Every structure is written in structure tokens, then in C-alpha cells.
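Here's the letter readout for the chains.
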Amino acid sequence: MKLSRRAFLHSAAILPTFGIDSGATLAEAALQTPNGSSFDPWVEVRAGHLRHNVAEISRRAGGRPIIAVVKNNGYGLGVANVARALEPLEAVAGFAVVKLDEGLAIRSAGIDKPVLLMGPLDERNLGEAHRLALMPMVYTPIGAALERIAARARNPVAIHVCVDTGIGRVGVPYRDAAVLIRDLARRKSVEIRGVMMTFAEDEQFDREQLRRFEALVDDLKRDGISPGIRHAASSFALFQHRDSFLDMVRPGMAVYGIYPEPQFRRTGVMDLRPAVSLKARVAYVKQLEAGDSAGYNRAFVARRPTWIATLPVGHADGLPRVAAKGGRVRIREELYPIVASVSASHTIVEIGPERRVEIGDVATIFDWQDGSRPEDLAESCGSSVYDLTMHLNPLLPRRVIA
Ligand SMILES: *Cc1c(COP(=O)(O)O)cnc(C)c1O
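Engineer: Before we move on, could you go through the overall build of the protein and cite the residues and values that matter?
Structural biologist: Counting secondary structure elements, the protein contains 13 helices and 20 strands. The globule rule puts the C-alpha radius of gyration for 402 residues at 21 Å, and the 24 Å found for the protein is close to it. Counting only C-alpha atoms and orienting by the principal axes, one finds that the protein spans roughly 80 × 55 × 40 Å. Classification of the 402 residues of the protein by burial places 53% in the buried group. Carbon and sulfur atoms form 51% of the exposed surface of the protein, whose accessible area is close to 18000 Å².

What follows is the structure in C-alpha cells.
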């Protein structure tokens, strides 16, 4: 499809701000990508829901500051989209990312709030991070390198120290942490702004991890070393362990309005509203006779005459293959089962004995409504809700709705 330059600019300009609701015409839908098809899947980001979730987290955390985790492209919503929506909120003290590029995306969006960089860095990357005013998470003896960077930049390097209290992933082992932190603390151009840990998310063991962390902090304080802000609580801990909130909380999934565990949904601890949807338009509708099949390997065989609809969205877009095992899609306010298999770019849903959907109808893979929440899809097909949003193809258009 050839698009004039003017039409291209118009659609590109409209992209970040306007939504298409299900009542929109196909012509309007064509604006969703600069030169794509209006049937192509898209991701909707609800800024209002992000802000609502932050208010809920803040209430739960007793007003403690929140560092919003926006790693993995903002859990699939787009790192800059999320950071822009949350930056004005007083409750949000800053952002945490894993990749240097994500920190760069936040700074390029004109956002000045503190950013914690939780990924590994060599000295060259550290220099770049410092130029962007990103605070590296440190857990190896890199004090000398930090001093060199500070000297070159002529200003001190602010860091957070990551302590491994038992998750065994990254972080200085808690038994060795005091030695590393003392070394960093004595360096004049290194500022320890915070000390952090990650829970294994095991009810009993989490308590032991917290004891190890607190013992370390007490130890440092006895030596006159200030470890700065203490933080540990991810979304799971926000629900599970009130005593883990410390000086600041560090949630990801809850910010996006998604319950990290199915059992938390019914606790009433926080009212979270999903801020992310995946949608596409029905590409094709047809009737199968009894005995007709659909999908590779004839994965679905009609037992009776039935209507099916084909959606132009598949596992390449981030819809898990397992969604064919119990997942449901909403079209015209009805839920229809995904049948056959999810292929790279196609998904088939069974409509039933009557033709109740048409080509061009909006199909909601997941959104914020009960029955269609990301948790519902993940639960119905036995996948992790973390896989659902974080695996959304980064090339799909993101449409931010106020
Ligand atoms: C991803 C991550 C978080 C946020 O976890 P959620 O379960 O999404 O709340 C917090 N801390 C660290 C170190 C992380 O890697």
C-alpha cells in the first residue's frame, strides 16, 4: 500500500494519543500504523489504569516511594509510554530498567527522574550510564572503575548495591556484602544511594532472606556506613510481606495492573486494572461442515457444522502457542474459544452454529475486562502472565489511551 507523505505524517502523529474503540470504522483503524493493514494486531496502553495502579500500590505501601520497574520494554507496553505516563506522579520516585537502551529511551523521552540500571555493565557502558544519569546496580568489586568514571566526568557516581540473600541470581552474596560495601563507601567519588535484594518468592524462605538483609544493614550502620534507601519488594512481596516494604517498593507487574499470582486476585489487597490490551480485527469468517478441519495437522476437526473466524495474530506477535489449549477471545462482547493451533501469524476461534461475527470486527485477545484479563488468558491455557505481556512483539504498534 502506497501512502502519501502527508498521510504518513498524519497517521504517525495520531498514533501516540488516539484510541480506536470497537465502534471505530475501518478507515479510522487504518490510521493505527503508518503503512500497515488496519487488520494488523495492536497493543493498547491505558495511561489512566497505570496511574490508578500506582495509587493502589502507594496506598498499600503506606505512602512509601515507588520505583516502577519498566524493564523488558516496560513489560511490553513500551518503556517510554509507561515512563511518560508515570513521571508526573509524586508517588513514583523513579524507574528501574535492565538494559542500557531502556535507560536511554527514558532520557530521550525527556524524563529526569532517577533511573536504576539493573543490568550488567563494563567500564565503557558504565561511563555511558553515568552520562545519562542512570544509577548502576553494583555487586562486584568495581570501585576503582567507578572512581575513574567519576574523575573523568568530574562528578560522583551514584549507585545501588545489590545483595544476594538467597535467590542466587545476581548480587554480592550476603556473607561477603559488608566487605564490598565498606570498600565502595570509603571511595569519595562513589555515593551509595541504596541497597537492594530480590526475594525467591517462597513464603518461608523470604522471611529468612529479609533477616539476612536486615542483619547486614545493622552491621553496616554499626560501622557508621549509611546504606541509603533499602528496597526489596516486588509485586509478589507487596501482596505477601508487609515487613518487606522497607524504605521503597519496587514493583513491576502490579504497576501494569496484573496480579502476579492468581490467588492474589481475590484478596482485595489491591484493586489492579490491566493497562495493556492486545487486539486485532477479524480477517476472515467461514463455515465448516462436519468433518472439515482447520489448522496445521488438522488440529481442529468440526463435529457439526460450525462457524470459525480467523484472526491475523499469532505467536510471532506474542500470543502463546498454548493459547489454543483453553484460551478465549472476545468479539462483540462474547467470548469464543481459540481452536486448532496458534500459528506464527494466525489464530482461529470457533464462533458456533450461527454466524455472529463479521470481517473487520475487533477481536480482543486480552484487556481489562473480567473474563478477558491477561490473568484469565494465562490461567485458561496454563501459561505465565509474565510471558504474555513481556513477549508482545516490540514492533506491534502501541496506542496510548488517556
Ligand atoms: C523484575 C524485577 C522486579 C519487579 O518484579 P514484578 O514481579 O514484576 O513486580 C523487581 N526487582 C527486580 C530486581 C526485578 O528484576
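Engineer: So what about the pairing of strand E16 (residues 328–331)? Which residues, and what values?
Structural biologist: As a general feature of sheets, a regular strand has side chains that alternate between the two faces. Pairing analysis gives 4 bridges linking E16 to strand E17 (residues 334–339), with the strands arranged antiparallel. Opposite Arg 328, over in E17, you have Pro 337 as the bridge partner. Turn length for the E16-E17 hairpin, with the two strands adjacent in sequence and antiparallel, is 2 residues, and the turn residue Arg 332 shows positive phi of about 50°. The pairing of E16 with strand E19 (residues 362–366) spans 2 bridges and is classified as antiparallel. In the strand pairing of E19, Arg 330 is matched with Thr 364.

Engineer: A description of the sheet that holds strand E20 (residues 398–401) should follow, citing residues and the corresponding values.
Structural biologist: If you walk across this open sheet you meet the 9 strands as E12-E15-E18-E17-E16-E19-E11-E1-E20, and the pairing is mixed. Looking at which strands have only one partner, the edges of the open sheet turn out to be strand E12 (284–288) and E20. Within the sheet, the average angular offset between the axes of one strand and its neighbour, ignoring direction, is 35°. Sheet strands in contact with helix H3 (residues 47–60) are strand E1 (42–46) and E20, and its direction is about 45° off that of E1.

Engineer: Summarise the pattern of salt bridges; cite the residues concerned and give the values.
Structural biologist: This model, assessed by the stated rule, comprises 26 salt bridges. As a salt-bridge pair, Asp 223 and Arg 182 come within 2.7 Å of each other at their nearest N and O atoms. Placement of the pair is Asp 223 in the loop between helix H10 (203–222) and strand E9 (229–233) and Arg 182 in helix H9 (residues 177–185), with a sequence separation of 41 residues. For the salt bridge of Glu 350 with Arg 304, the shortest nitrogen-to-oxygen distance reads 3.6 Å. A residue pair is termed long-range when its members are at least 10 positions apart, and Glu 350 in strand E18 (residues 347–352) and Arg 304 in the loop between strand E14 (300–301) and strand E15 (306–311) qualify at 46 residues. Among the residues examined, Glu 350 registers a relative accessible area of 15% and is labelled buried.

Engineer: Give a detailed account of the site of the ligand, specifying residues and quantitative values.
Structural biologist: Close to the ligand lie 13 residues; Lys 71, Tyr 75, Ser 235, Gly 252 and Tyr 386 are nearest. Within the complex, the protein chains bury 90% of what would otherwise be the 380 Å² of accessible surface of the ligand. When the residues that make up the shell around the ligand are grouped by side-chain class, the tally is 6 nonpolar, 4 polar and 3 charged.

Engineer: Would you mind going over the packing of helix H5 (residues 79–86) against helix H6 (residues 100–108) in detail, with residue names and values included?
Structural biologist: The interhelical angle for the contact between H5 and H6, taken along N-to-C directions, is 45°, at an axis separation of 9 Å. With respect to each other, H5 and H6 are oriented oblique. Between H5 and H6 the crossing geometry is right-handed. Taken together, the residues of H6 that come into contact with H5 (itself represented by Val 79, Ala 80 and Ala 83) are Glu 102, Ala 105 and Ile 106. A per-class count over the contact of H5 with H6 returns 5 nonpolar, no polar and 1 charged.

Engineer: Any chance you could break down the pairing of strand E3 (residues 92–97) for me, citing the residues and the numbers?
Structural biologist: Of all the 6 residues making up E3, 5 are buried; the element is thus mostly covered by neighbouring parts of the structure. Across 4 bridges, strand E2 (residues 66–69) lies against E3 in parallel orientation. Opposite Val 69, over in E3, you have Ala 96 as the bridge partner. As paired elements, E3 and strand E4 (residues 115–117) share 3 bridges and run parallel to each other.

Engineer: An account of the nonpolar core is requested, with residue identities and associated values reported.
Structural biologist: Counting 114 residues, the largest nonpolar core has Leu 50, Leu 86 and Phe 95 as the members making the most contacts within it. Apart from residues lying up to four places away in sequence, Leu 50 is in contact with Val 45, Leu 77, Val 82, Ala 85, Leu 86, Val 255, Tyr 256 and Ala 275. Formed by 8 residues, the second largest nonpolar core is a distinct cluster that contains Leu 288, Phe 300, Ala 302 and Ala 340.

Engineer: Quick rundown of the packing of aromatic side chains? Include the residues and the values.
Structural biologist: Counted by the stated rule, this structure contains 4 aromatic pairs. Ring centres of Phe 239 and Phe 264 lie 4.6 Å apart, and the angle between their planes is 5°; this geometry places the pair in the stacked category. Taken together, the residues span a long stretch of sequence, with Phe 239 in helix H11 (residues 235–240) and Phe 264 in the loop between strand E10 (248–249) and strand E11 (276–281) at a distance of 25 residues. There is no split in this pair, since Phe 239 and Phe 264 are both buried. In textbook terms, an aromatic cluster arises when at least three aromatic residues are bridged by ring pairs, as seen for Phe 236, Phe 239, Tyr 259 and Phe 264.

Engineer: Quick rundown of the side chain of Asp 206? Include the residues and the values.
Structural biologist: Counting through the fold element by element, Asp 206 comes out in helix H10. No salt bridge is formed by the buried Asp 206, whose closest oppositely charged neighbour, Arg 207, lies at an N-O distance of 7.9 Å. There is a polar contact of 3.0 Å between the side chain of Asp 206 and the backbone nitrogen of Glu 201. When sequence neighbours within four positions are dropped, the list of residues in contact with Asp 206 reads Phe 199, Ala 200, Glu 201, Phe 236 and His 241.

Engineer: Describe the confidence of the model for the protein, naming the residues involved and giving the relevant values.
Structural biologist: Mean pLDDT over the protein stands at 92; residues scoring 70 or higher make up 91%. Overall, residues 1–32 carries pLDDT values under 50, and its contacts beyond four positions in sequence, including any with other chains, amount to 47 contacts.

Conventions we followed
Residues numbered from 1 in each chain as written. Predicted model: local features only at pLDDT ≥ 70, side-chain atom pairs only at ≥ 80, totals over all residues. Heavy atoms only, no water. Helix = DSSP H or I, 4+ residues; strand = E, 2+ residues; numbered from the N terminus. Rg over C-alpha atoms; globule rule 2.2 N^0.38 Å. Buried < 20%, exposed > 50% of the residue type's maximum accessible area, 1.4 Å probe, protein only. Areas by Shrake-Rupley, 256 points an atom, 1.4 Å probe, with all protein chains shown as cover. Pairing = 2+ DSSP bridges. Axes fitted to C-alpha atoms, helices over the stretch in contact; angles between N-to-C directions. Contact = heavy atoms within 4.5 Å. Salt bridge = Lys/Arg side-chain N within 4 Å of Asp/Glu carboxyl O. Near = heavy atom within 4 Å. Nonpolar A, V, L, I, M, F, W, Y, C, P; charged D, E, K, R; others polar. Parallel < 35°, antiparallel > 145°, perpendicular 65-115°, else oblique. Left-handed = near helix turned anticlockwise from the far one by under 90°. Core = buried A, V, L, I, M, F, W, Y, C linked by side-chain atoms within 4.5 Å. Phe/Tyr/Trp six-rings, centres within 6.5 Å; stacked < 30°, edge-to-face > 60°. Lys, Arg positive; Asp, Glu negative; His and termini not counted. Polar contact = N/O pair within 3.5 Å; in protein donor to acceptor, adjacent residues only side chain to side chain. pLDDT = per-residue confidence, 0-100.

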